[in-house]
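One-letter residues, chain by chain:
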Amino acid sequence: MAAEYLRKKRYKLVAAGYHCRFGEIDLIVQDRQYLVFVEVKLRKKADFAAAREYVNRAKQDRIRVTASIYLSQNPSKLQPRFDVVEIYAPEGAATKNPEITHLEDAFQ
């Protein structure tokens, strides 16, 4: 769902499910200016907490280290950026109209 959403926003999918011994990055996409490392959070509802709240400092640090490893193996002239995509889908993958929020430059 997140990859399709970003594709419609004119991002090109570079990799999905990239992992190394330090962590995993759900999606890596690019546009003309940025190579974007995307953390995707899927939840049925936001009653307890917003999905973005699950991307805490420790998770951000793991993603940063994993992105550094990716960039050492796949150099890019594009500026790196870290985004979070929240998906609220009450019926999971079967949800017809999930609520999707794209938080650009989320690790500040």
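Residues numbered from 1 in each chain as written. Predicted model: local features only at pLDDT ≥ 70, side-chain atom pairs only at ≥ 80, totals over all residues. Heavy atoms only, no water.

### Some details on the packing of aromatic side chains
This is how the line gets drawn: Classification of ring pairs rests on two measures: the distance between centres of Phe, Tyr or Trp rings, Trp counted by its six-membered ring, which must be within 6.5 Å, and the angle between planes, read as stacked under 30 degrees, edge-to-face over 60 and tilted in between. Secondary structure elements are defined from DSSP: runs of H or I of at least 4 residues count as helices, runs of E of at least 2 residues count as strands, and each element is numbered from the N terminus. Burial classes: relative accessible area under 20% of the type maximum marks a residue as buried, over 50% as exposed, and values in between as partly exposed (1.4 Å probe, protein chains only). The criterion is that NZ of a Lys, or CZ of an Arg, lies within 6 Å of the ring centre and within 35 degrees of the ring normal, and then a charge sits over that ring.
Counted according to the given criterion, the structure contains four aromatic pairs. Aromatic pair Phe-37 and Tyr-70: ring centres 5.9 Å apart, planes at 80°, arrangement edge-to-face. With Phe-37 in strand 3 (residues 34-43) and Tyr-70 in helix 2 (residues 57-73), this residue pair connects regions lying 33 residues apart in the sequence. Across the pair, exposure class does not vary: Phe-37 and Tyr-70 are buried alike. Three or more aromatic residues joined by ring pairs form one cluster here, namely Tyr-18, Phe-37, Tyr-70, Phe-82 and Phe-107. The lysine or arginine in question, Arg-81, covers the ring of Tyr-34, its NZ or CZ lying 4.6 Å from the ring centre.

### Considering the pattern of salt bridges
Selection criterion: Throughout this description, the term salt bridge denotes a Lys or Arg side-chain nitrogen within 4 Å of a carboxyl oxygen of Asp or Glu.
Applying the stated rule across the entire model yields six salt bridges. Where Arg-7 meets Glu-4, a salt bridge forms, and the shortest distance between an N and an O atom there is 2.6 Å. You can see Arg-7 and its partner Glu-4 sitting in helix 1 (residues 2-8), three residues apart, about one turn around the helix. In this structure, Glu-39 and Lys-41 form a salt bridge, with 3.4 Å as the shortest nitrogen-oxygen distance. The buried category is assigned to Glu-39, whose relative accessible area is 4%.

### Quick word on the pairing of strand 3
We apply this condition: Only strands that DSSP links by at least two bridges are regarded as paired with each other.
Of the pairings in the sheet, the one linking strand 2 (residues 23-30) to strand 3 comprises four bridges and is antiparallel in character. Across the sheet, residue Leu-27 finds its bridge partner in strand 3, namely Val-38. Following strand 2, the chain reverses through three residues before pairing antiparallel with strand 3. With 10 bridges joining them, strand 3 and strand 4 (residues 79-88) adopt parallel strand pairing. Following the sheet pairing, Val-40 is matched in strand 4 by Val-85.

### As for the sheet that holds strand 3
The criterion, for reference: Axis lines are fitted through C-alpha atoms, for helices just across the contact stretch, and the angle between N-to-C directions can take any value from 0 to 180 degrees. A contact between two residues is defined here by any heavy atoms of the two lying within 4.5 Å.
In space, the five strands of this open sheet follow the order 1-2-3-4-5, with mixed pairing throughout. Each having just a single partner strand, strand 1 (12-20) and strand 5 (99-103) make up the two edges of the open sheet. Averaged over all pairs of adjacent strands, the angle between strand axes in this sheet comes to 25°, irrespective of strand direction. With seven bridges connecting them, strand 1 and strand 2 associate as antiparallel partners. Within strand 2, the position partnered with Leu-13 by the bridge is Val-29. Against the sheet, helix 2 contacts strand 1, strand 2, strand 3 and strand 4, and its axis sits at roughly 140° relative to strand 3.

### Some details on the nonpolar core
Inclusion rule: Take the buried Ala, Val, Leu, Ile, Met, Phe, Trp, Tyr and Cys residues and link them wherever side-chain atoms come within 4.5 Å; each set so joined is a nonpolar core.
Formed by 14 residues in total, the largest nonpolar core has its most connected members in Ile-25, Ile-28, Leu-35, Phe-37, Tyr-70, Phe-82 and Phe-107. Where this core is concerned, the elements lending two or more residues are strand 1, strand 2, strand 3, helix 2 and strand 4. With three residues, helix 2 is the largest single contributor of residues to this core. If we skip the residues at most four places from it in the chain, Ile-25 touches Gly-17, Tyr-18, Phe-37, Val-38, Ile-63, Thr-66 and Ala-67. By size, the runner-up hydrophobic cluster in this structure holds 10 residues, among which are Leu-6, Val-36, Val-85 and Ala-89.

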